Amino acid sequence: LSSASTSETRLSAAAPKPRLWTVFLTVLFATIVYMGVSLVCFVIAITVVAAMSDADPTKKSTSELMNNVLSHPGSILFLLVPGHIVLLGIAIAAAVFSPSPFATRLSLRLPAWPWWTTIAAVLAAPFFSFLWSIVLSQFVSSNEYFEKMAEMFRSTTNGFGFAVTLLCISVMPEFSEEWLFRGYVQTRLLQRWSPWLAILVSGSLFAAFHLDPLHVIAVFPIGLWLGYIS
């Protein structure tokens, strides 16, 4: 028994640790591709809106064309959905090519705690985000990026309805961003680091993915909260 135990310990010690470089490379690749797809969609949208404009498109400034795009009811669908589909595809592909089983690699499992605790934790997320936005508003003011996004959300709500807006800003990121950052990234970090460090790093990568400095600060706490729930 002692010999068997020693052999087991040696085998365990000799087993290679899960790689971390693939995680960071995947996040970098996903960010670049997401931004590329979003940029292409935006250029196409500006071109289409300019072509459909009654006035001469060549006489319109880039700012005017951007405002026309963002004020169009269908802008949120065309500008956000393709990027999130690609992001989700990258998370799925990364998990498929992983030696671990797909569900295990993305941490797709039922919660260990009671169902009512899960509901409470999930409902606490937007409340937590709302409280943080109140605190943040005391120190920083909104920027042009947030104003443009708000304009796009308002135009979609007026044109396509609240359900479409909810799909684009909640349901789609629920799968794409969560499967990538809480599933693919945090699951691997937990195999090498302590839970708190894994949550901190995955939350930081999640925030950095949003690029705009104010947006990064705004989503960082919610990233930590979602990482803790996970």
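Residues numbered from 1 in each chain as written. Predicted model: local features only at pLDDT ≥ 70, side-chain atom pairs only at ≥ 80, totals over all residues. Heavy atoms only, no water.

Considering the side chain of T187
So, step 1. When you line up the elements, T187 lands in helix α8 (residues 162-190).
So, step 2. On the basis of relative accessibility, which here comes to 14%, the residue T187 falls in the buried class.
So, step 3. Residue contacts for T187: discarding those within four places in its chain leaves T104, R105, L106, S107 and R182. (Helix = DSSP H or I, 4+ residues; strand = E, 2+ residues; numbered from the N terminus. Buried < 20%, exposed > 50% of the residue type's maximum accessible area, 1.4 Å probe, protein only. Contact = heavy atoms within 4.5 Å.)

Digging into the environment of Y228
So, step 1. One can find Y228 in helix α10 (residues 213-229).
So, step 2. Measuring from C-alpha to C-alpha, the distance between Y228 and G203 comes to 9.6 Å, with 25 residues separating the pair along the chain.
So, step 3. Not counting residues within four places of it along the chain, the set of residues in contact with Y228 comprises W196 and I199.

Some words on the nonpolar core
So, step 1. Within the largest apolar cluster, 43 residues are counted, with the highest numbers of intra-cluster contacts made by V69, L79, M152, L180, F181, Y184 and V185.
So, step 2. Elements represented by at least two residues in this core include exactly α2 (21-52), α3 (62-70), α4 (75-96), α7 (144-159), α8, α9 (195-208) and α10.
So, step 3. The greatest single-element share of this core, amounting to 10 residues, is contributed by α2.
So, step 4. Discounting residues that sit within four places of it in the chain, L79 has contacts with S38, C41, F42, A45, V69, L70 and M152. (Core = buried A, V, L, I, M, F, W, Y, C linked by side-chain atoms within 4.5 Å.)

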